Structure formats: structure tokens, C-alpha cells
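Descriptive analysis of the structure
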Number of protein chains: 2
Amino acid sequence: MESEQAILALAALAQSTRLDVFRLLARHEPEGLAAGDLARALAVPQNTMSSHLAVLSRARLVTARRHGRSIVYRADLKAFQSVVLFMLRDCCNGRPEICGPLIEDLTPCCPPKPRRKANA
Amino acid sequence: MESEQAILALAALAQSTRLDVFRLLARHEPEGLAAGDLARALAVPQNTMSSHLAVLSRARLVTARRHGRSIVYRADLKAFQSVVLFMLRDCCNGRPEICGPLIEDLTPCCPPKPRRKANA
DNA sequence: TCACTATTTCGATAATTCCGGAAATAATGT
DNA sequence: ACATTATTTCCGGAATTATCGAAATAGTGA
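Summary of the structure given here. (Residues numbered from 1 in each chain as written. Chains lettered and ligands numbered in written order. Predicted model: local features only at pLDDT ≥ 70, side-chain atom pairs only at ≥ 80, totals over all residues. Heavy atoms only, no water.)

**Here we look at the overall build of chain A**
- For chain A, the helix and strand inventory stands at six helices and three strands.
- For chain A, the succession of helices and strands along the chain, N to C, is α-α-β-α-α-β-β-α-α.
- Counting across all 120 residues of chain A, residues that qualify as buried make up 46%.
- In chain A, 56% of the contacts between residues at least 6 apart in sequence involve partners at least 24 apart.
- Carbon and sulfur atoms make up 50% of the accessible area of chain A, which amounts to about 6,600 Å² in all. (Helix = DSSP H or I, 4+ residues; strand = E, 2+ residues; numbered from the N terminus. Buried < 20%, exposed > 50% of the residue type's maximum accessible area, 1.4 Å probe, protein only. Contact = heavy atoms within 4.5 Å. Areas by Shrake-Rupley, 256 points an atom, 1.4 Å probe, with all protein chains shown as cover.)

Written as C-alpha cells, this is what we have:
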């Protein structure tokens, strides 16, 4: 991922409504949510929501697909992952001694197994 | 980390000069760089750089410390880590089945130690 | 104190973003 | 074709951000 693309994504997420939208869509993977449902859920006018969705879409953080009358939006978790990866690479670039503990502390986010830091 | 703080950080990084600044500072940990050095390195006027540094500072992504005549800035990697963690939590919230592979794919960034298999 | 260096603050302008009312576009069913 | 529903586009105003010249502040050394 290139800087320009990452900046688009960071800017897209740096706004509370859009952050909420992405949160909500991530939670509704893989079904997605229609634009109107998003507007209703977050109590935002449809046209305002539409422009926010356009920003997220330009940033490639969400995808849109027409489904009957509705347009269903989905979070693009792969793209989101790319952004996180980009940030970490930026921070770690050639400095594993810094990134190492970061990744380690990161892991508890979604512990596949561990319950305590009984590691050694 | 709360949303508001995260949004400040994302917004701070969503600008090319500031992203470059953070990159540069991360690479110059733990010594840091003086404001003037940053301005020179990125070919930006001092006052412009100063306002960018203020934004990064408000977002807690950098710290400043006077050192003689200069003010030396340092990347706050802990704060950066918090932002990344926040993003991942937002994405994974209650959905390890999504976050799991994400973390796994993330690990190759800086593999400090042999990773164990997720799941079993 | 004075001169010098480093950085920030002030102030102004241009550009961008956010918001939402109103109108336009698109799909569906009759 | 028409009415209905879902969403977007158009438009304008308010707020915020980016940029940078000029002036102000802070530290250093003679």
C-alpha cells in the first residue's frame, strides 16, 4: 500500500460518523448493511450518510453492491488490514527491536487461545 | 484509548507532511530530531513545520523536549501502538474469527520469535 | 546588554471538509 | 405510465485546515 492510499484511509476514518459506520459494517460482516439502514442506525440524514459512504468508498474501506432497491455496503477488512500493516511498517521500518514488542502487545486483541501472559 | 483520541491521531497522520514527520521520527528513535532539522529534512518552512508538530503533539503522537536552543521531538511509539490497537479492536470487536487471520498476516512484519499456531 | 540561533505565535488567504435541503436517478410493482 | 422506495447528486453556507510571511519568544554566549 502506498502513502497516498493510506492517507485516504486514515482521513476517512478520522471522522466520528465514518468511524462509526466502519465499526458497524465490520460488525455486520459478511452480510453488510444498506445505506438507509446505516443512516437510520446512526441517526444521520440520508444524503449526509451518502457522502460519508462515498468517502469510505474512495478510500477502499468499504464496497457497495446494489441489491434490489437497496445498495448494500460492506467493510473491506482486507483493505483495513492493509492500512494497519502500512502503519506498522512505517513505524517499524528496519527496526524490529521497536516493532517486536508492539506486535506482541497487539496479539491479545484477538487471543486465539492464551488467557494469561504465562509465556516465558 | 477512546474514539476521540484515536480520531485525533488518525487525522494527524492523514496528512503527507505529518506522516513523513512521524516516519522520520520513528526512524530516529530514541534520539529524536530538532524542529529545525525536521523542517530542513522535509523542505518545509519552519513555521509550517511548527504547526504540523503542534498537531502531532496534540494527538500525543510525538513529544517535545527543549535541549539547549533546540526543541527535540520524539515519536511516541506507545501512543502509536495504542492507535493501532484501537483500530484492530474496532475491527475485531467480538469477532475473533475475522481478526484472527488479520493478526496472523500482520505478524510477518517483524517476527521477533517463532509464532505458535492459532487455534488447535 | 547585545547579537545570534531556534522555534513558536500571529494574522491573513486559499483550499477543503462537513452538513443538509432540494432535486435527480434508479429499481420495483401495478 | 405512474406511484413508491432507496439512494445519490447538486448546491450553498459554516467551519476547519493548510500554508507561510512577519513578528514575538526563548535560550546561548560574548
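**Structural notes on the protein's contact with DNA strand C**
- Around DNA strand C lies a shell of 19 residues, among which Asn47 and His52 of chain A together with Gly36, Gln46 and Tyr73 of chain B are the nearest.
- Expressed as a percentage, the sugar and phosphate content of the atoms of DNA strand C within 4 Å of the protein is 67%.
- In the model, a phosphate oxygen of DNA strand C is placed 3.0 Å from a nitrogen or oxygen of the Ser50 of chain B side chain.
- Contact between DNA strand C and Arg69 of chain B: a sugar or linking oxygen at 3.1 Å from a side-chain N or O atom of the residue.
- Mapped by element, the contributors of at least two residues to the surface near DNA strand C are helix H4 (46-58) of chain A together with helix H3 (35-41), helix H4 (46-58) and strand E3 (70-75) of chain B. (Near = heavy atom within 4 Å. Polar contact = N/O pair within 3.5 Å; in protein donor to acceptor, adjacent residues only side chain to side chain.)

**Details of unusual backbone geometry**
Residue and element names in this part refer to chain A.
- Of note, the bond from Glu29 into Pro30 is cis; its omega dihedral lies within 30 degrees of zero at 0°.
- Among the structural elements, Pro30 can be located in the loop between helix H2 (16-27) and strand E1 (33-34).
- In this model, Ala43 sits at a positive phi of 55°, which is unusual for a non-glycine residue.
- Within the element layout of this structure, Ala43 appears in the loop between helix H3 (35-42) and H4.
- According to the relative accessible area criterion, Ala43 is exposed, its value standing at 69%.

**Things to note about helix H1 (residues 3-13) of chain A**
- When we look at burial in H1 of chain A, the residues that qualify are Ala6, Ile7, Ala9, Leu10, Ala12 and Leu13 of chain A.
- On the buried face of H1 of chain A, the contacting elements are H2, H4 and helix H5 (77-92) of chain A together with helix H1 (3-13), helix H2 (16-27) and helix H5 (77-92) of chain B.

**A few points about the packing of H2 of chain A against H3 of chain A**
Residue and element names in this part refer to chain A.
- At a minimum axis separation of 11 Å, H2 and H3 run at an interaxial angle of 120°. Here the hand of the crossing between H2 and H3 comes out right-handed. The segment H2 lies against H3, with Thr17, Asp20, Val21, Leu24 and Leu25 engaging Leu38, Ala41 and Leu42.
- Taken together, the residues that form the contact of H2 with H3 break down as six nonpolar, one polar and one charged. (Axes fitted to C-alpha atoms, helices over the stretch in contact; angles between N-to-C directions. Left-handed = near helix turned anticlockwise from the far one by under 90°. Nonpolar A, V, L, I, M, F, W, Y, C, P; charged D, E, K, R; others polar.)

**Describing the pairing of strand E2 (residues 62-67) of chain B**
Residues and elements named next belong to chain B.
- Sheet topology note: the E2/E3 ladder contains six bridges and is antiparallel. Among the inter-strand pairings, Arg65 is bridged to a residue of E3, identified as Val72.
- Two successive antiparallel strands, E2 and E3, enclose a turn made up of two residues, where Gly68 displays a positive phi of approximately 65°. (Pairing = 2+ DSSP bridges.)

**Brief notes about the protein's contact with DNA strand D**
- Taken together, 20 residues lie around DNA strand D, and Gly36, Gln46 and Tyr73 of chain A together with Asn47 and His52 of chain B are the ones closest in.
- Here the atoms of DNA strand D within 4 Å of the protein split so that 69% fall in sugar or phosphate, with bases taking the remainder.
- For the surface near DNA strand D, the secondary structure elements donating two or more residues are H3, H4 and strand E3 (70-75) of chain A together with H4 of chain B.
- Here the element with the most residues in the surface near DNA strand D is H4 of chain B; it accounts for four residues.
- When the residues that make up the surface near DNA strand D are grouped by side-chain class, the tally is five nonpolar, 11 polar and four charged.

**A closer look at the sheet that holds E1 of chain A**
- The three strands lie next to each other as E1-E3-E2 (chain A), forming an open sheet whose pairing is antiparallel. Of all strands in the sheet, those bounded by a partner on one side alone are E1 and strand E2 (62-67) of chain A.

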